[in-house]
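Take a look at the letters that make up each chain.
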Amino acid sequence: MTHLKLNEAFVDDLLAFLKLRRRQPSVEYLDALIGSFIRKVPWESVFRIIKRNAMAATADCPRFPREVLSDAMKFGGGGTCFEINYAFFALLNVLGYEGYMTLNDMGDEQACHAAIVIFFNDQKYLVDVSVPFPRPYAFFPEATVYQYTPWLNFTIKPMGENCYEITRAPHARPTIFTFNDVPISEEDFEAAIEADYLPTGYFLNRVVINKMLGERAWLFNSATQPYMLESFNHDGKHEIPLNPETLVESLAERYRMPAEKISAALSLVLANEAQETR
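Residues numbered from 1 in each chain as written. Predicted model: local features only at pLDDT ≥ 70, side-chain atom pairs only at ≥ 80, totals over all residues. Heavy atoms only, no water.

Caption draft 1: Seen up close, the pattern of salt bridges. All told, the structure shown has twelve salt bridges when counted by the stated rule. Between K124 and D181 there is a salt bridge; the shortest N-O distance is 2.8 Å. Of this pair, K124 sits in strand β4 (residues 123-127) while D181 is found in the loop between β9 (175-180) and α6 (186-195), placing the two residues 57 residues apart along the sequence. You can call K124 partly exposed: its relative accessible area is 27%. Overall, the relative accessible area of 5% leaves D181 in the buried class. One salt-bridge network, held together by shared partners, links R48, R63, D71, E83 and D196. (Salt bridge = Lys/Arg side-chain N within 4 Å of Asp/Glu carboxyl O. Helix = DSSP H or I, 4+ residues; strand = E, 2+ residues; numbered from the N terminus. Buried < 20%, exposed > 50% of the residue type's maximum accessible area, 1.4 Å probe, protein only.)

Rendered as structure tokens:
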């Protein structure tokens, strides 16, 4: 048994949160779902850091779709790429879309990034609400796809059988990930979510928050000093310095997340860093 299914009443609440109505599946509706979701549900590590600290057993740590989406509605929370893409896929399943999860590579790191493939009218679409992609992108095994948006330009380039290079521009880190168009079963994907809470898991040692605010994403990473918000668009890189004395309040206001949650996660990260330097 997996944690992919959501009940109808919960989905009604979620759609109300997204300010959308139920409609028949279409690419246009998928576009609307993505556009709302990425402005409401951030890619972030705050809630997973708190959850990891609260649970003794790794098996009790995973945040599956209902928990991720409940935290989004209650607190403005989100999750890592594994968590929020799986949560969004759960929503799409209830709404009648068909597809599968994938595990993808970043540089030398393998199976470290999650993304969704959706089928519609005999066409595959790549969906990723964690980067985030602002819309679903059709892709083809023998043609490079160029997607122009008001925020950034994205490219999906075939690199071999079921393998694509995903890039963005202009950006200081243009290569996003290597997309492996290989279906991952629900059981295996949930095992990957659990494994991400082991000591080797990602973003347990830093607070990261990335969210679409208006027409572009703004990133906070506690490992970047001095503290700042960072964003890229067609005009280049933008930075907003953050005062360490008012850091928590600034992040809470910017990302609409409870200050006490952000403060707790930052404190845990700093405590772990202090322990490691002893």
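Caption draft 2: Region of the structure containing the state of the cysteines. Applying the stated criterion across every chain yields a total of zero disulfides. For the unlinked cysteine C61, the closest cysteine sulfur is that of C81, found at 17 Å. Here C81 is not disulfide-linked; the sulfur of C112 is the nearest cysteine sulfur, at 7.3 Å. (Disulfide = S-S within 2.5 Å.)

Caption draft 3: Up close: the packing of helix α7 (residues 247-255) against helix α8 (residues 259-276). One way to put it is that α7 packs onto α8 with a least axis distance of 9 Å and a crossing angle of 130°. On the basis of the axis angle, α7 is oblique to α8. The handedness of the crossing between α7 and α8 comes out as right-handed. Where α7 approaches α8, its residues L247, V248, L251 and A252 are matched on the opposing element by A259, I262, S263 and L266. (Axes fitted to C-alpha atoms, helices over the stretch in contact; angles between N-to-C directions. Parallel < 35°, antiparallel > 145°, perpendicular 65-115°, else oblique. Left-handed = near helix turned anticlockwise from the far one by under 90°. Contact = heavy atoms within 4.5 Å.)

Caption draft 4: Spotlight on the pairing of strand β2 (residues 98-106). The pairing of β2 with strand β3 (residues 109-120) spans eight bridges and is classified as antiparallel. Each residue of the ladder has a partner; that of G99, found in β3, is I118. Remark: two residues form the turn of the hairpin made by β2 and β3, two consecutive strands paired antiparallel; G107 in that turn has positive phi of roughly 60°. (Pairing = 2+ DSSP bridges.)

Caption draft 5: Fine view of the packing of aromatic side chains. Tallied over the full model, the rule gives 16 aromatic pairs. When the centroid spacing of 5.9 Å and the interplanar angle of 50° are considered together, the rings of F220 and Y227 count as tilted. Under the relative-accessibility criterion, F220 is labelled buried at 0%. Among the aromatic side chains, those forming a connected cluster through ring pairs are F133, Y137, W151, F154 and F177. (Phe/Tyr/Trp six-rings, centres within 6.5 Å; stacked < 30°, edge-to-face > 60°.)

Caption draft 6: Region of interest: the nonpolar core. Formed by 65 residues in total, the largest nonpolar core has its most connected members in L33, F88, L126, F133, I166 and F177. Those residues in contact with F133, other than ones at most four positions away along the chain, are I34, I38, L126, V127, D128, F154, I166, I176 and F177. Ranked by size, the runner-up nonpolar core spans 21 residues in total, among them V248, A252, I262 and L266. (Core = buried A, V, L, I, M, F, W, Y, C linked by side-chain atoms within 4.5 Å.)

Caption draft 7: Representation of unusual backbone geometry in the model. Note the cis peptide between V131 and P132, where omega equals -5°. Topologically, P132 is positioned in the loop between β4 and β5 (137-138). With an omega of -5°, the peptide bond between A169 and P170 qualifies as cis. Within the secondary structure layout, P170 lies in the loop between β8 (163-169) and β9.

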